[in-house]
Amino acid sequence: MDLPTVSGHRTAHRRADLALAPGETLLAGGTWLFSEPQPEVGGLVDLTTLGWPDWEELPGVLRLGATCTVARVVAAPWGAASGLARACADSLLMSFKVQHVATVGGNLCLALPAGAMVSLAAALDASALIWTPDGGERRQSVVDFVTGAGTTTLAPGEVLRAVDVPTAALSRPTAFRRIALTPRGRAAAVVVGSGRRVFVTAATTRPVVLDLDDLEAGLAAVDCWYDDLHGPADWRAHVTGVLAREVREELGS
Ligand SMILES: Cc1cc2nc3c(=O)[nH]c(=O)nc-3n(C[C@H](O)[C@H](O)[C@H](O)COP(=O)(O)OP(=O)(O)OC[C@H]3O[C@@H](n4cnc5c(N)ncnc54)[C@H](O)[C@@H]3O)c2cc1C
């Protein structure tokens, strides 16, 4: 949709370009920014011109650039986790057009419960690399970065630069379950088993990590079931339990 309050658009080419003037906001793929009115936004600063690699193989880490699109994510060298990466990318039931522009960073920073890049990154123990406005950086696990439905720890002026996935996590056995109220509906629960833990997203307002060996107690302790038109909280709690037990069985417990 048109954003009639926007009167400026800058392309960022270096880090200094990310200093935002009043009213400016960061633009990645724009799939959410252009999907609803943004009356507070007067200018856009495009991140996609920074030239960040989609991914890099660093010592011990697979780094996904924040501007890597969901479509490109699946082509990264995931090793044994390639099936999980594909399942998570497909969990975003968006048209192929959206998949080709929506970015990893946009998905994480938007922090929707059904954010499938959150599911993927959380399940693989990824950390968010965040540029701070003073020129420094900080790092935080993705599980802690997303604090609720639509909220993160990002402070004003901070930019998500990348998501670092430890390569050790890529060889762990994984299991993936997803459910929605309708066949093409938005995910109501995404349950990923990775190693000895289960990661719940979509059903909860923030990522929840459960211990496979103490699953029932962990499920009983969850205090952030999500409730919206894609599923009531009590149903989400129930189906998450069913899916988590399936994951436990698949991973051989
Ligand atoms: C048809 C359709 C279906 C969708 N289905 C789903 C779904 O199933 N699950 C789901 O989670 N979402 C869904 N979405 C929303 C989806 O999450 C977003 O569209 C997409 O992931 C956001 O990525 P983007 O690159 O387009 O972000 P943008 O729209 O460009 O930005 C989103 C927000 O993140 C901020 N931002 C972006 N990148 C950064 C960064 N690097 N650092 C700091 N801030 C940043 C922007 O300022 C903005 O506030 C859907 C959207 C559409 C249009």
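In this text the structure is predicted, and so the values were computed from the model without any measurement.

1. Re the domain arrangement of the chain
It is common to give the size of an interface as the accessible area lost on bringing the parts into contact.
Moving on, step 1. Domain parsing of the chain yields domain 1 (8-50), domain 2 (55-169) and domain 3 (173-250).
Moving on, step 2. Between domain 2 and domain 3, a total of about 1700 Å² is buried, with carbon and sulfur atoms accounting for 67% of that surface.
Moving on, step 3. Run the count over domain 2 and domain 3 and you get one salt bridge.
Moving on, step 4. Residue Asp125 is joined to Arg197 by a salt bridge in which the shortest nitrogen-to-oxygen separation is 2.8 Å.
Moving on, step 5. For the pair domain 2 and domain 3, the interface holds six residue pairs in polar contact (both at pLDDT 80 or more).
Moving on, step 6. Secondary-structure elements contributing two or more residues to the side of domain 2 that touches domain 3 are α2 (82-91), α5 (116-123) and β8 (146-148).
Moving on, step 7. Of the residues assigned to the side of domain 2 that touches domain 3, the class counts are 14 nonpolar, four polar and one charged.

2. Regarding the pairing of strand β10 (residues 159-166)
Moving on, step 1. Buried residues dominate β10, accounting for seven of its eight residues.
Moving on, step 2. Inspection of the sheet shows strand β5 (residues 61-65) paired to β10 by five bridges, in the antiparallel sense. Paired with Arg63 across the two strands is Asp164, which belongs to β10.
Moving on, step 3. Relative to β10, strand β6 (residues 127-131) runs antiparallel, the two being bridged by five bridges. Counted as the bridge partner of Ser127 is Asp164 from β10.

3. Some remarks on the site of the ligand
Moving on, step 1. Around the ligand, the surrounding shell holds 27 residues, and the nearest of these are Leu26, Gly29, Gly30, Thr31 and Thr103.
Moving on, step 2. Trp32 has a polar backbone atom sitting 2.9 Å from an oxygen atom of the ligand.
Moving on, step 3. Here an oxygen atom of the ligand sits 2.9 Å away from a polar atom, N or O, in the main chain of Leu33.
Moving on, step 4. For the ligand, whose unbound accessible area comes to 960 Å², protein coverage reaches 87%.
Moving on, step 5. Residue assignment for the shell around the ligand shows that the elements contributing at least two residues are β2 (24-27), α4 (104-110) and β10.
Moving on, step 6. Of the residues forming the shell around the ligand, the biggest block, five residues, is contributed by α4.
Moving on, step 7. Both domains that furnish three or more residues to the shell around the ligand are identified here as domain 1 (8-50) and domain 2 (55-169).

4. Thoughts on α2
Moving on, step 1. Of all the residues in α2, the buried ones are Leu84, Ala85, Cys88, Ala89 and Ser91. The buried residues of α2 occupy an angular sector of 155 degrees when projected down its axis, which confines them to one face.
Moving on, step 2. Contacts from the buried residues of α2 go to α1 (70-73), α3 (96-99), α5, β11 (174-179) and β12 (189-194).

5. Re α5
Moving on, step 1. For α5, the buried fraction is high: eight of the eight residues fall into the buried class.
Moving on, step 2. Restricting attention to buried positions, one finds in α5 the residues Ala116, Met117, Val118, Ser119, Leu120, Ala121, Ala122 and Ala123.
Moving on, step 3. The first or second residue beyond α5 is Asp125, which carries a positive phi of 60 degrees.

6. A short note on the pairing of β6
Moving on, step 1. Counting buried positions along β6 gives five out of five residues, so the element sits mostly inside the fold.
Moving on, step 2. Covered by surrounding structure in β6 are Ser127, Leu129 and Trp131 together with Ala128 and Ile130, the residues of both alternating faces.
Moving on, step 3. Bridge count between β6 and strand β7 (residues 137-141): five bridges; the pairing is antiparallel. Within β7, the position partnered with Trp131 by the bridge is Glu137.
Moving on, step 4. What sits between the antiparallel neighbours β6 and β7 is a turn of five residues, in which Gly135 has the positive phi angle 95 degrees.

7. With respect to the pattern of salt bridges
Moving on, step 1. Inspection of every chain in the model, using the stated rule, returns 17 salt bridges.
Moving on, step 2. The salt bridge partner of Arg139 is Asp164, with a shortest N-O separation of 2.8 Å. Pair noted here: Arg139 is in strand β7 and Asp164 is in strand β10, with a separation of 25 residues, a long-range link.
Moving on, step 3. Its relative accessible area of 46% is what places Arg139 among the partly exposed residues.
Moving on, step 4. On the basis of relative accessibility, which here comes to 5%, the residue Asp164 falls in the buried class.
Moving on, step 5. Across the salt bridge formed by Arg177 and Glu250, the nearest N and O atoms sit 2.8 Å from each other. Here Glu250 lies in helix α9 (residues 233-250) and Arg177 lies in strand β11, a separation of 73 residues in the sequence.

Rules and cut-offs
- Residues numbered from 1 in each chain as written.
- Predicted model: local features only at pLDDT ≥ 70, side-chain atom pairs only at ≥ 80, totals over all residues.
- Heavy atoms only, no water.
- Domains from an automatic or database assignment.
- Buried area = accessible area lost by both parts, 1.4 Å probe.
- Salt bridge = Lys/Arg side-chain N within 4 Å of Asp/Glu carboxyl O.
- Polar contact = N/O pair within 3.5 Å; in protein donor to acceptor, adjacent residues only side chain to side chain.
- Helix = DSSP H or I, 4+ residues; strand = E, 2+ residues; numbered from the N terminus.
- Nonpolar A, V, L, I, M, F, W, Y, C, P; charged D, E, K, R; others polar.
- Buried < 20%, exposed > 50% of the residue type's maximum accessible area, 1.4 Å probe, protein only.
- Pairing = 2+ DSSP bridges.
- Near = heavy atom within 4 Å.
- Areas by Shrake-Rupley, 256 points an atom, 1.4 Å probe, with all protein chains shown as cover.
- Arc of directions from axis to C-beta.
- Contact = heavy atoms within 4.5 Å.

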